[in-house]
Amino acid sequence: MNVNAPILFFDSGVGGLSVLGPTRELLPNAPIIYAADSAGFPYGKRSEAEIASRVPALLGRLVERFHPRIAVIACNTASTIALDHVRAALDLPVVGTVPAIKPAAEMSKSRVIGVLGTEATVRQPYVDDLAAKFAADCTIIRHGSPDLVELAEAKLGGEEVSVEAVRAAAQPMFDAPGGERIDTVVLACTHFPLLDDEFRAAFPSVSYVDGGPGIARRIAYLTREQPWPPEASEGLMLFTGPARHPSLGMLSAYGIGEIKSL
C-alpha cells in the first residue's frame with residue numbers, strides 16, 4: 001500500500017463533507033480527494049438509470065487518475081441506486097451510505113420515525129428493506145426534499161440560510177398522517193447534517209441521526225492495518241462542472257486546502 005494513496009470521497013455536491021468530517025477525526029493524516037459531481041447535481045431529480053450509469057463511469061475515471069486505497073460514495077441517492085454497479089466495476093473497497101434507520105429505531109420512544117432525504121432516496125426499495133429489518137414495529141414517514149439539498153449547498157457557499165426556510169422544507173413530513181408523533185428523524189441525505197443547527201432550532205423536540213459517524217468507523221476498520229503519512233496534508237476538492245463553490249475558509253475545517261475542476 002502506497003502511504004500516500006488517498007481516500008476518495010464522492011458526492012453530487014458538498015453533502016459528503018458530513019462523512020468526511022468524522023473520518024478526519026478518526027484518520028487525521030489520511031490524504032483526501034473529494035469529488036463533487038456538480039455537473040450532475042442534484043442527483044435526487046435524476047432518473048435511476050442515469051445515476052446507475054453515471055456514477056460508476058465517473059468513479060472509474062477518478063480511480064484511474066488518483067489510485068485511491070478506498071472509495072466512499074458519500075451520497076445516499078448514489079449509494080442506494082449505484083453501489084452494486086460501482087463495486088462490480090472497481091477493483092478496490094467501496095463504502096456506501098445508507099439511511100440510518102437501525103440506530104433511529106433503537107432511539108425512538110414513540111415508534112414513529114421520519115426519513116428525510118432526496119426524492120430519489122426515499123422511494124428506494126432499499127429503504128423498505130431497512131425498515132422491515134430494523135424497524136418493523138415502527139411507523140416510517142418519508143419525505144423527499146430537493147429544497148433542503150439546495151439550502152445545504154447555499155450554506156456551505158457562505159449564504160445565509162434561515163431556520164424558517166429549513167422548517168418550511170421539512171414541515172410536510174410532520175404534517176403527514178401520524179407525523180405529529182415523530183420523535184426521531186433520519187437525515188437520509190448527506191447534505192442534511194450540514195443543516196444540523198437549523199433543524200434543531202426548527203424542530204427542537206426531535207432527535208436526529210445520520211450515517212456519517214458509522215461510515216467513518218467503517219472506513220477506519222477497512223484501512224486499519226494500512227500505513228498513513230506521518231503528518232496531515234491538505235485535501236483536494238474537485239468539481240465536475242460549474243458549482244457554487246464553498247470558500248476555502250469553510251472547507252479548512254474539513255482539511256480541504258485546494259479546489260479544482262475535474
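Here the structure is shown first, and the text comes after it.
These lines cover the structure that appears in this document, whether it is placed above or below. All residue numbers refer to position in the chain's written sequence, counted from 1. Local features in this predicted model are restricted to residues whose pLDDT is 70 or higher, and side-chain atom pairs enter the listing and the counts only when it is 80 or higher, whereas totals over whole chains, interfaces and linings include all residues. Remark: hydrogens and water are excluded; side-chain values derive from all non-hydrogen atoms of the structure.

1. So, the pattern of salt bridges
Think of it this way: side chains of opposite charge can pair up when their charged atoms draw near.
(1) Moving on: Salt bridges are defined by distance alone: a side-chain nitrogen of Lys or Arg within 4 Å of a carboxyl oxygen of Asp or Glu. With the rule as written, the count across this model stands at eight salt bridges.
(2) Moving on: The shortest N-O distance in the salt bridge between Arg-142 and Asp-128 comes to 2.1 Å. Here Arg-142, found in strand 6 (residues 139-144), pairs with Asp-128, found in helix 6 (residues 125-134); they are 14 residues apart in sequence, far enough to count as distant.
(3) Moving on: For Lys-260, the salt bridge goes to Glu-258, with nearest N and O atoms at 3.5 Å.
(4) Moving on: Only protein chains enter the calculation, and the probe is 1.4 Å; a residue is then buried if its accessible area is under 20% of its type maximum, exposed if over 50%, and partly exposed in between. Among the residues examined, Glu-258 registers a relative accessible area of 37% and is labelled partly exposed. Think of it this way: any DSSP run of H or I at least four residues long counts as a helix, any run of E at least two long counts as a strand, and we number them from the N terminus.

2. Concerning the packing of aromatic side chains
(1) Moving on: Aromatic contacts are taken between Phe, Tyr and Trp rings whose centres are within 6.5 Å, Trp giving its six-membered ring; a plane angle under 30 degrees counts as stacked, one over 60 as edge-to-face, and the others as tilted. Counted by the stated rule, this structure contains three aromatic pairs.
(2) Moving on: Between Phe-174 and Phe-203, the aromatic rings sit 4.3 Å apart at their centres with planes inclined by 20 degrees, giving stacked as the arrangement. Of the two residues, Phe-174 sits in helix 8 (residues 163-175) while Phe-203 sits in the loop between helix 9 (196-202) and strand 8 (207-209), which places them 29 residues apart along the sequence. Phe-203 shares its class with Phe-174; the two are buried.

3. Quick notes on the pairing of strand 2 (residues 32-36)
(1) Moving on: Burial analysis of strand 2 places five of its five residues in the buried class, the great majority of the element.
(2) Moving on: In this sheet, strand 2 lies alongside strand 1 (residues 7-11) in parallel orientation, the contact comprising five bridges. Paired with Phe-9 across the bridge in strand 2 is Tyr-34.
(3) Moving on: Handedness of the β-α-β unit built from strand 1, helix 1 (residues 17-26) and strand 2 comes out right-handed.
(4) Moving on: Pairing between strands is defined by DSSP: at least two bridges between the two strands are required. The sheet contact formed by strand 2 and strand 9 (residues 235-239) spans four bridges and is parallel. Across the sheet, the residue bridging to Ala-36 is Phe-239, located in strand 9. With strands facing away from the observer, any crossover in which the path from the first strand over the helix to the second runs clockwise is taken as right-handed.

4. Things to note about the sheet that holds strand 4 (residues 94-95)
(1) Moving on: Taking strand neighbours across the sheet as the criterion, the six strands line up as 4-3-1-2-9-10 in an open arrangement whose pairing is parallel. Looking at which strands have only one partner, the edges of the open sheet turn out to be strand 4 and strand 10 (256-261).

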